[in-house]
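One letter stands for each residue in the lines below.
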Amino acid sequence: MARNSNAFRVGTLLVLAASLFAGVVSAGDPQAKEAEAEMKFGFKAARRGYWQEALMRFEHANELTPNQPRILNNIAVAQEANGLYEMALLTYQEGLALDPNNNSLRRNYTRFQEFYASYVAPQEVVDEQGAKDAKTDN
Amino acid sequence: MRKRTIELVVILLAVAAVSAAGSREVRIALLLKPELPIDGTEDFYVGPIMIEPREGENVQSVDLTAAREFEIYLRKILRRDAQLHLIPKQSELKPPSTHLAALLIDGDFWKAIGEETGADLIVAASIDVKILDRAGYTTEEYVSPQDGKTYFRQVMIEETGFSYDILLVVVDAKTGVAVHQEQISDFQPKNERKLEEYTDMFTDLYTLQNRLVGIFVPRAVQVKRALYSN
């Protein structure tokens, strides 16, 4: 009886590990492999502060395997780091539309919204007002 | 023994797979462009720093001290943190109005300062300082972790210090037109016993400092984001 339960435990764990690896590595699909390599490279570049390179890599990964919330998450973060705030907002929304329960995406989006609302949006209002004033002056 | 080793290896593989698929937190510096488009070659004149008039109240010594200290503080921030070129204070300015809002309409006043000092831009402000000395009890909601019910409890609130409301304007000295206006509020907590001492009124006011610097130069905001490693 005990031997059977042990065998079941080992079996379950093997299935779990195999399925996780299958999901992560996506063996057999060359595009998925290339996208994964691009994600890894982009992550390394991001960690070193090379955010333009990181953005390029993540975007390439997105071209190879589109509609992946994790890739869109990385693209949005890289867009933020490059000062492309409006684009980051759209990318976060696109990612959340695909996977509303993705915790990393949701957390990042919430934090970004706070930043956007307190720093970027008021500035835009000021810029718009300035443009209006200039038009009125002319 | 052998089975245990296999089990351990499988668990380790599972953990490795999970961690490899996860996200990691990274720090990024988000750049914010300055609110005023300047190239750093402009000459700035600081003044006048005015006291916001209050209806039915005379100017008090705290107002005078706050205005004087704010001018010193502003000059320090603009020179040290924003690295702007400031023109030394030349003579005592006598504005034709005590209201900064009214002065803003008077383009000739600003143009005259520009001609006299040679400044490209003029940074002026109006300051309203209030001494807050509030202490008392307030009722707040409290959810008990024991039974999950909501109760009301009395909480002692102390708010003592200086409350600032500052209107900062930047005026083009050539045209006499305001190119930027900003309302900034901040609070300097002070011990109740030191409320009569008008010293260090603008020490460690990070909100005020950030807002002031952000008008003239780009600044970076450090944030954390989750990034997938593969």
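You'll find the structure just up there.
Residues numbered from 1 in each chain as written. Chains lettered and ligands numbered in written order. Predicted model: local features only at pLDDT ≥ 70, side-chain atom pairs only at ≥ 80, totals over all residues.

## Some words on the overall build of chain A
The helix and strand inventory of chain A stands at six helices and zero strands. From first element to last, N terminus to C terminus, chain A shows the α and β order α-α-α-α-α-α. Looking at chain A as a whole, 28% of its 138 residues qualify as buried. Taking the contacts inside chain A whose residues are at least 6 apart along the sequence as the reference set, 40% of them involve residues at least 24 apart. (Helix = DSSP H or I, 4+ residues; strand = E, 2+ residues; numbered from the N terminus. Buried ≥ 20, exposed ≤ 12 C-beta atoms within 10 Å, placed from the backbone. Contact = placed C-beta atoms within 7 Å.)

## Focus: helix α5 (residues 85-98) of chain A
Residues and elements named next belong to chain A. Over its 14 residues, α5 runs 20 Å from end to end, which matches the ideal 20 Å to within 8%, given 1.5 Å per residue. Among the residues of α5, those classed as buried are Tyr85, Ala88, Thr91, Tyr92 and Gly95. An end-on view of α5 places all buried positions within 115° of arc, on one side of the element. In α5, the exposed positions that point more than 90 degrees away from the buried face belong to Glu86, Leu90 and Ala97. (Expected span 1.5 Å × (residues − 1). Arc of directions from axis to C-beta.)

## Observations regarding the pairing of strand β2 (residues 43-51) of chain B
Every other side chain in a regular strand lies on the same face of the sheet, so the side chains alternate between the two faces. Residue and element names in this part refer to chain B. Most of β2 is tucked away: seven of the nine residues are buried. Both β2 and strand β4 (residues 121-143) contribute to a ladder of six bridges, which runs parallel. Bridge pairing links tyrosine 45 to isoleucine 122 in β4. (Pairing = 2+ DSSP bridges.)

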